Amino acid sequence: MSDPATHDRSTQVPSTHDLVEDLAQSLTPVRRLPSPGRRTLIWSGAVLTVGLLLVPMSDVSGLRARLAVPDLHWAALGAILTAIAAALAAFQSSVPGRSAAWSWLPLPPLVLWLGASGLGCLRGWLAPAANLAEPEEMRGCFVFLMGVSLPLSVLLVLMLRRACPLRPNLTAALGGLAAAAAAAALLVPFHPHDATATDLLVHLVAVLIVVGLNGLFGGRLLDRNAGPRGRPVTGSIRKAND
Amino acid sequence: MRTVRVGLPGRPFLMPGFSPALPAASGIPAPMPVQSAALSGEASLPAAMQAAQVGDAAAYRALLRDCVPVISAMARAKGVQGAALDDVVQDTLLTLHQARATYDPARPFLPWLRAITQRRAVDALRRKGRRPKEVHEPLAYEARADAGPMPGDDLERRERAAILAAAVAHLPEGQREAIEHIALCELSLDETSTLTGRTKGALKVNFHRGLKALRVSLSSRKEGTDV
């Protein structure tokens, strides 16, 4: 018997229809992603675990003395808040439909962090007896920041990859800022000297490198949805468009 | 025989331009304008997506079909035109598929879909190195007909054909044969008579009765929707 439904099949190229069918047939159950806030908590928990593992190696008495100084106290708080806010912004930006305004969330704590650190630059002038950094210690800080930022960035990118970042470079850069700020916060217990202009510069360079590398490579890692490369079905669908 | 699966509640399935194979004088009433399919069933979209997250392929298929015209309209609003529209629709469907775990059923579905569509539309415009053209005459721009078919046209055409097939299948044997051979396959009365072994007079009677029955069944089906 002639089937009217297939009568005119040869006269059209049903590419969208085929894609819908392919997607429906390849459907598998998925576990819904936890909310961005919950994922931020999970990542912050990982950062906290790294911090606890490092506690035996820290200079607790020195830390207590440094945190008594207001600007160092605020700088540490700023770094912690920047890490949390940037991680939350990164997770928010990885979910379609969330407001782009989330990307500005890390800005106030970042200003606090950099501002309070900048105040430390005046320390050498205001308090000549303060313990200033040696070049060797600067190198140690830089290596610590980069070394801690790397695994935290990798963890964050892996968590972000489970979502669908529509602006992968922005999401990855926010993730880089979160990792760098978390590394800076973890550095506080090990910081053998007070803040100076060169110290701030070293921190700033390290943060910019981490953010830049994340934006560059993390963006590519997160951009798994763009373009024909990410298509689960090929062949007939592509051919139909050509 | 293909089966027809109607999508989300309120989804209209008789669209303008229906009756491709029936003669113009068949008597089937002219179709009426319809609303956007997905918008009429907007309230059920989160539930359909939630069902898709747990692996309900039928709900997912219906959801994707409903999304096609909506994605198309959103991409147009972003300035995508012509053949690129189809690419954006398909890219968006693929991204939707990959991002389905990120959807929270407690939130509305359309903003989630819009974010994906707009991003894919921007990607398409960038890929082509084109920007939306400057419009000096908005009215002329709005009234301009598109060069190609809409991305969802083939889906709708198939759906209409499937509905017609189901209606024809429910006709009595003689009427069904007459409709299939004369109207759908466009054979002559002589050819049909040779094929079926029925007289031309009987074929004519069956043909007209079949058309009348189809008119009744299809118009009652249309009235059953919220067109």
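Look up a bit, the structure's there.
Residues numbered from 1 in each chain as written. Chains lettered and ligands numbered in written order. Predicted model: local features only at pLDDT ≥ 70, side-chain atom pairs only at ≥ 80, totals over all residues. Heavy atoms only, no water.

**Details of the overall build of chain B**
Along chain B, the regular secondary structure elements total 10 helices and zero strands. Order of helices (α) and strands (β) in chain B, N terminus to C terminus: α-α-α-α-α-α-α-α-α-α. The contacts in chain B between residues at least 6 apart in sequence include a share of 70% that link residues at least 24 apart. Carbon and sulfur atoms make up 54% of the accessible area of chain B, which totals about 11,100 Å². (Helix = DSSP H or I, 4+ residues; strand = E, 2+ residues; numbered from the N terminus. Contact = heavy atoms within 4.5 Å. Areas by Shrake-Rupley, 256 points an atom, 1.4 Å probe, with all protein chains shown as cover.)

**Remarks on helix α9 (residues 168-187) of chain A**
When the terminal C-alpha atoms of α9(A) are compared, their 28 Å separation across 20 residues agrees well with the 28 Å that a helix rising 1.5 Å per residue should span. Within α9(A), 17 of the 20 residues are buried, leaving the element largely enclosed by the surrounding structure. (Expected span 1.5 Å × (residues − 1). Buried < 20%, exposed > 50% of the residue type's maximum accessible area, 1.4 Å probe, protein only.)

**A look at the pattern of salt bridges**
Considering all chains together, one arrives at eight salt bridges over all chains under this definition. Where B:R61 meets A:E21, a salt bridge forms, and the shortest distance between an N and an O atom there is 3.0 Å. With B:R61 in helix α3 (residues 57-77) and A:E21 in helix α2 (residues 15-25), this pair bridges two chains. Close ionic contact of B:R65 with A:E21 constitutes a salt bridge, the shortest N to O distance being 3.3 Å. Of this pair, B:R65 sits in helix α3 while A:E21 sits in helix α2, which puts the two residues in different chains. Since its relative accessible area comes to 17%, B:R65 is described here as buried. For A:E21, a relative accessible area of 17% puts it in the buried group. (Salt bridge = Lys/Arg side-chain N within 4 Å of Asp/Glu carboxyl O.)

**Notes on the layout of surface pockets**
Residue and element names in this part refer to chain A. Of the pockets and cavities examined, the largest pocket occupies roughly 550 Å³. Lining the largest pocket are 23 residues, and of these V47, L48, I80, A185 and L186 sit closest to its centre. Elements represented by at least two residues in the lining of the largest pocket include exactly α3 (36-54), α4 (60-67), α5 (70-93) and α9. Residues of the lining of the largest pocket, tallied by class, amount to 18 nonpolar, five polar and no charged. (1 Å grid on protein atoms, 1.4 Å probe; cavity = no way out; pocket = protein on both sides within 12 Å on 5 of 7 lines; lining within 4 Å. Points joined across faces, edges and corners; volume = space filled by probe spheres on them. Nonpolar A, V, L, I, M, F, W, Y, C, P; charged D, E, K, R; others polar.)

**So, the packing of aromatic side chains**
Here the distance between the centres and the angle between the planes together describe a pair of aromatic rings. All names here are of chain B. Under the counting rule described, the total for this entry stands at three aromatic pairs over all chains. A centroid spacing of 5.7 Å and a plane angle of 45° characterise the contact between F109 and W112, whose relative ring orientation is tilted. With F109 and W112 both in helix α5 (residues 109-127) and three residues apart, the pair spans about one turn of that helix. (Phe/Tyr/Trp six-rings, centres within 6.5 Å; stacked < 30°, edge-to-face > 60°.)

**Quick word on the packing of α2(A) against helix α4 (residues 83-98) of chain B**
A packed helix pair is summarised by two numbers, namely the angle formed by the two axes and the spacing between the axes. For the pair α2(A) and α4(B), interaxial distance at closest approach is 10 Å and the crossing angle is 5°. Relative to α4(B), α2(A) is oriented roughly parallel. On the side of α2(A), the interface is formed by A:S15, A:T16, A:L19, A:V20 and A:L23, while α4(B) contributes B:D86, B:V89, B:Q90, B:L93, B:L94 and B:H97. Its residues assigned to classes, the contact of α2(A) with α4(B) comprises six nonpolar, four polar and one charged. (Axes fitted to C-alpha atoms, helices over the stretch in contact; angles between N-to-C directions. Parallel < 35°, antiparallel > 145°, perpendicular 65-115°, else oblique.)

**Considerations on empty space enclosed by the protein**
Residues and elements named next belong to chain A. For the coordinates displayed, the defined rule picks out three cavities of 30 Å³ or more. Its boundaries defined by the atoms lining it, the second largest cavity holds a volume of some 50 Å³. Looking at the second largest cavity, the residues that line it are L110, W113, L114, S117, L200, H203, L204 and V207. Of all the secondary-structure elements, those providing two or more residues to the lining of the second largest cavity are α6 (107-120) and α10 (197-222). Residue classes in the lining of the second largest cavity are distributed as six nonpolar, two polar and no charged.

**Regarding the environment of B:K128**
Residues and elements named next belong to chain B. As for its placement among the helices and strands, K128 is situated in the loop between α5 and α6 (138-143). Classification of K128 as partly exposed rests on a relative accessible area of 44%. Linking K128 and A84, residues 44 residues apart in sequence, is a C-alpha distance of 8.8 Å.

**With respect to unusual backbone geometry**
Of note, B:E186 is a non-glycine position whose phi angle comes to about 55°, a positive value. By the element assignment, B:E186 lies in the loop between α8 (173-184) and α9 (189-196).

**Here we look at α3(A)**
Residue and element names in this part refer to chain A. Taking 1.5 Å of rise per residue, 19 residues should cover 27 Å, and α3 covers 27 Å from first to last C-alpha, within 8% of that figure. Along α3, the positions that sit buried rather than exposed are P36, R39, T40, W43, V47, G51 and L54. End-on view of α3: buried residues confined to an arc of 130°, all on one side of the axis. Exposed residues lying more than 90 degrees from the buried face of α3 are R38, L41, L48, L52 and L53. (Arc of directions from axis to C-beta.)

**Here's the deal with the side chain of A:T82**
Residue and element names in this part refer to chain A. Note on placement: T82 falls in helix α5. T82 sits in the buried class, given a relative accessible area of 0%. If near-sequence neighbours (up to four positions away) are discounted, T82 is found in contact with P106, P109, L110, W113, L177 and A181.

**Quick notes on the packing of α4(B) against α5(B)**
Residues and elements named next belong to chain B. Direction vectors running N to C along α4 and α5 enclose 130°, while the axes themselves pass 9 Å from each other. On the basis of the axis angle, α4 is oblique to α5. Handedness of the crossing formed by α4 with α5: right-handed. Contacts from V88, D91, T92, T95 and L96 of α4 reach α5 at F109, W112, L113, I116, T117, R120, A121, A124 and R127. Class assignment of the residues belonging to the contact of α4 with α5 gives a composition of eight nonpolar, three polar and three charged. (Left-handed = near helix turned anticlockwise from the far one by under 90°.)

Spatial relationships are all this shows, so hold off on functional conclusions.
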